[in-house]
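Results of the structural survey
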Amino acid sequence: MRLKIKKKMFPKYDVIVVGAGHAGCEAAVAAANMGSKVLLATMNMQTIAQMSCNPAMGGVAKGQIVREVDALGGYSGIVTDHTMIQFRMLNRSKGPAMWSPRAQSDRNLFARKWRIMMEQHPNIDFWQEMVSGLIVKDGRVGGIRTPLGLEIESNAVVLTNGTFLNGIIHIGEKQFGGGRMGESAAKGITEQLIELGFESGRMKTGTPPRVDGRSLHYDRMEVQDGDDNPAKFSYTDTPPLSNQRPCHITYTNDKVHEILKTGFEKSPMFTGRIQGLGPRYCPSIEDKINRFADKERHQLFIEPEGWDTVEIYINGFSSSLPEDVQYKALKSIVGFEDVKMFRPGYAIEYDYFPPTQLELTLETKLVKNLFFAGQINGTTGYEEAACQGLIAGINAHLAINEEAPFVLKRSEAYIGVLIDDLITKGTEEPYRMFTSRAEFRILLRQDNADVRLSPLAEKMGMQGMTERIERVNQKISGEQAIIDFMKELSVSPDLVNGYLESVGSASLDQRTKLHKILLRPQVNTEGLRQVIPQLDTFLKQYDTEITEGAEITMKYESYIQKEEEMANKMKKFEELRLSDTLDYHSFPALSMEARLKLTKIKPRTLGQASRISGVSPADISVLLIHAGR
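Report follows, based on the coordinates. (Residues numbered from 1 in each chain as written. Predicted model: local features only at pLDDT ≥ 70, side-chain atom pairs only at ≥ 80, totals over all residues. Heavy atoms only, no water.)

This part is about the packing of aromatic side chains. Under the criterion given, the structure shown has 10 aromatic pairs. A ring pair is formed by Phe198 and Phe353, whose centres lie 6.3 Å apart and whose planes are at 85°; its orientation type is edge-to-face. A residue pair is termed long-range when its members are at least 10 positions apart, and Phe198 in the loop between helix H5 (189-195) and strand S12 (201-207) and Phe353 in the loop between strand S19 (346-352) and strand S20 (370-372) qualify at 155 residues. Comparing Phe198 with Phe353 shows no difference in burial state: the two are buried. With a centroid separation of 5.7 Å and an interplanar angle of 40°, the aromatic rings of Phe198 and Phe372 are classed as tilted. Highlighted residues: Phe198 in the loop between H5 and S12 and Phe372 in strand S20, separated in sequence by 174 residues. Taking relative accessible area as the criterion, Phe198 reaches 4% and is therefore assigned buried. Exposure remark for Phe372: the relative accessible area of 1% places this residue in the buried category. What links up through ring pairs into an aromatic cluster is the set Phe198, Phe353 and Phe372. Positioned over the ring face of Trp99 is Arg92, at 4.2 Å from the centre of the ring. (Phe/Tyr/Trp six-rings, centres within 6.5 Å; stacked < 30°, edge-to-face > 60°. Helix = DSSP H or I, 4+ residues; strand = E, 2+ residues; numbered from the N terminus. Buried < 20%, exposed > 50% of the residue type's maximum accessible area, 1.4 Å probe, protein only. Lys NZ or Arg CZ within 6 Å of the ring centre and 35° of its normal.)

Take a look at the structure:
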């Protein structure tokens, strides 16, 4: 008699990623490109990489993050370039450390491109079902459980549940469970994690109503066009944007505010039905008019959802007020007099886990090989989620292969700043990245993310980096050639004085090196090449990104050097390791607050310890003495 062998439905995966939002997609791709066999588990295959809120990528500091993700081999920049309908480089009037790329995307094409790219990856499998629990044994994760009773094994799990963990949607006095409008909330994971010893909290975010673009009077609004020469996010050879759709700008007014106030008594935010804190820097419209009562109007950005749809996103009008109040208020906005609403705005409240419970790799301290990424860590925004997913996916692969972890320093990337902030300081409100959070903004520009990070990705074994490194080397050599050329070429006064006078800069009275002229704040390379044929001929062999990079390096050389020196000084603290078994209560010279905070967070380096709220310079001196320094 032959025995029947029962075959498993699934092999044992290297990494399982739970959730297919921006964090989950980047986590799956990162682990797969490192060589792991990955299962991406999602509640709905039709909403992979969905832009749940605004149809845009990038923005102030967020654009830098997208370029960093791309430089490390992630897909967000590539997908954005293939699907954008408008591109703008923000803050061009400021210094290059502040320049931030932002693109409007076609919402449907964005999700479709992401899914196509992942389906073409041989290392990524998919499973559509809610994940209701984890397999955990002896302090180590071993896979996932589903409501169908399936147990799917893996060596590591990355949780990227977004707003789905016990999500509740609020519209006025109505509330119902959901992780997104029309989609169910996820149950079971929070409860299990709490049983395992994790702390959890509640956060809130929101989205504005969507309206019918055919019902709007665009001629009554301000037009906001894209850049004349649109750039890109990815450092790879993605297609240039040749056609763009305009956005528009309009404003609220006193009448709009008065109508909105009539719904305050039914607002879940003001009546206390919402317990979670919302994003400070992206408040709802009712929160704006309540907190900033002296403001007569608030700016609204009218953003198309794609090339072929009439659906419009009203950026700046997030609301959880009753739907009839939202509608009446919209009709009093200039250009919205005949508006038709597709669906109302709403608030969503969900579970998150304070990120001080994580290592800098995004692995949890309580369960080995379990990683958290995205809104589960208390962040807000596609870009912040994507970069966490990337780092979690990379480190999940490295952990199960017993390789050294991948951790970015604050001086290396905005991603490093974000993760260090979360793990060291924690967050009680949705965390959003700003350029002001970074100490080394001049080093962490959007134009040099490839030079900073692509060599690191290649070194740790990320697939597909060969062509990227070739581009990086060409860029570095090209920028240096331009710098050398401008340092060697001298120009006569009669050649450039007309241009200098036109930009309000003092005339020359003798031949001067081009490099020295460029250091003047009013002067730029583009202006010089218009009047110096020799320079124009030389620069034609290089693209705009290389010529801009060379100009930035020359103009800001002294500032760059100062930041590099500061980063090197901090490096000593960052390299001084602290044991995770250190008993801080055995140090009587430490303040009681420092002992409590250090014990809870268990910083890995003295640099990290110095950034913990409540740990003073005197406390750091005590730790230095302990380290024999």
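So, next bit.
Another aspect to go through is the nonpolar core. If you look at the biggest cluster of nonpolar residues, it comprises 110 residues, and the most contacted ones within it are Leu159 and Leu370. Counting residues in each nonpolar core, the second largest holds 23 residues, with Val496, Leu508, Val523 and Met554 among its members. (Core = buried A, V, L, I, M, F, W, Y, C linked by side-chain atoms within 4.5 Å.)

We now examine the sheet that holds S12. The strand order across the open sheet formed by 4 strands is S11-S10-S19-S12, and the pairing between neighbours is antiparallel. Only two strands of the sheet have a single neighbouring strand rather than two, namely strand S11 (174-177) and S12. Averaged over neighbouring strand pairs, the angle between their axes works out to 25° when direction is ignored. (Pairing = 2+ DSSP bridges. Axes fitted to C-alpha atoms, helices over the stretch in contact; angles between N-to-C directions.)

A word on the packing of helix H1 (residues 22-34) against helix H9 (residues 382-400). Two elements in contact, H1 and H9, have axes separated by 7 Å at closest approach and are oriented at 30°. The orientation of H1 with respect to H9, classified from their angle, is roughly parallel. The crossing of H1 and H9 is right-handed. Packed against H1, whose contacting residues are His22, Ala23, Glu26, Ala27, Ala30, Ala31 and Met34, the element H9 presents Tyr382, Ala385, Ala386, Gly389, Leu390, Gly393, Ile394, His397 and Leu398 at the interface. Of the residues assigned to the contact of H1 with H9, the class counts are 11 nonpolar, 4 polar and 1 charged. (Parallel < 35°, antiparallel > 145°, perpendicular 65-115°, else oblique. Left-handed = near helix turned anticlockwise from the far one by under 90°. Contact = heavy atoms within 4.5 Å. Nonpolar A, V, L, I, M, F, W, Y, C, P; charged D, E, K, R; others polar.)

Attention now goes to the sheet that holds strand S17 (residues 311-315). One open sheet holds the 6 strands; their spatial order is S14-S15-S16-S17-S13-S18, and the pairing between them is antiparallel. Two strands bound the open sheet, and with one partner strand each, they are strand S14 (222-224) and strand S18 (341-343). Pairwise comparison of adjacent strand axes, ignoring direction, gives a mean angle of 35° for this sheet. Two strands pair when backbone bridges link them, and S14 and strand S15 (residues 247-251) are joined in this way by 3 bridges, in the antiparallel orientation. Paired with Val223 across the two strands is His248, which belongs to S15.

All of the buried residues along helix H19 (residues 592-601) are Ala594, Arg595, Leu598 and Ile601. Buried residues of H19, viewed axially, fall in a sector of 155°; they line one side. Contacts from the buried residues of H19 go to helix H10 (414-425), helix H20 (606-610) and helix H21 (617-626). A positive phi of about 50° marks Lys602, the residue just after H19. (Arc of directions from axis to C-beta.)

So, on to the pattern of salt bridges. For the coordinates displayed, the defined rule picks out 36 salt bridges. Among the salt bridges present, the one from Lys37 reaches Asp125, with a minimum N-O distance of 3.7 Å. Taken together, the residues span a long stretch of sequence, with Lys37 in the loop between H1 and strand S2 (38-42) and Asp125 in strand S6 (residues 124-128) at a distance of 88 residues. Across the pair Lys62 and Glu383 runs a salt bridge, and its minimum N-O distance is 3.3 Å. Of this pair, Lys62 sits in helix H2 (residues 62-71) while Glu383 sits in helix H9; the two residues are 321 residues apart in sequence, bridging distant segments of the chain. The exposure classification of Lys62 matches that of Glu383, with both residues buried. Taken together, the shared-partner salt bridges in this structure form one network comprising Arg410, Asp420, Asp421, Lys425, Glu439, Glu574 and Arg611. (Salt bridge = Lys/Arg side-chain N within 4 Å of Asp/Glu carboxyl O.)

Another aspect to go through is the packing of helix H12 (residues 466-488) against helix H17 (residues 544-555). Taken N-terminus to C-terminus, the directions of H12 and H17 make an angle of 55°; their axes are 9 Å apart at the nearest point. By the angle between their directions, the pair H12 and H17 is classed as oblique. Regarding H12 and H17, the two cross each other, and that crossing is right-handed. Residue-level inspection shows Gln474, Lys475, Gly478, Glu479, Ile482, Ile483 and Met486 of H12 in contact with H17, the latter providing Glu545, Ile546, Thr547, Gly549, Ala550, Thr553 and Met554. Tallied by class, residues from the contact of H12 with H17 come to 6 nonpolar, 5 polar and 3 charged.

With that settled, the discussion passes to the side chain of His121. Within the secondary structure, His121 is located in the loop between helix H4 (107-119) and S6. Looking at His121, the relative accessible area reads 9%, which means it is buried. When residues no more than four places from it in sequence are discounted, the contact partners of His121 are Ala32, Asn33 and Tyr75.

In this section: the pairing of strand S5 (residues 100-105). Counting buried residues along S5, 6 of its 6 residues qualify, which places the element largely inside the surrounding structure. Judged by which residues are buried, S5 turns out to be covered on both faces: Ser100, Arg102 and Gln104 on one side and Pro101, Ala103 and Ser105 on the other are all buried. The pairing of strand S3 (residues 56-58) with S5 spans 3 bridges and is classified as antiparallel. Residue Ala56 lies in a different strand from S5, and its bridge partner there is Gln104. Across 6 bridges, strand S4 (residues 84-90) lies against S5 in antiparallel orientation. Residue pairing for S5: Gln86 is matched across the bridge by Gln104.

With that settled, the discussion passes to the state of the cysteines. Evaluated as defined, the whole model comprises 0 disulfides. Summary of cysteine pairing: Cys247 is not part of a disulfide, and the nearest cysteine sulfur, belonging to Cys53, is at 15 Å. (Disulfide = S-S within 2.5 Å.)

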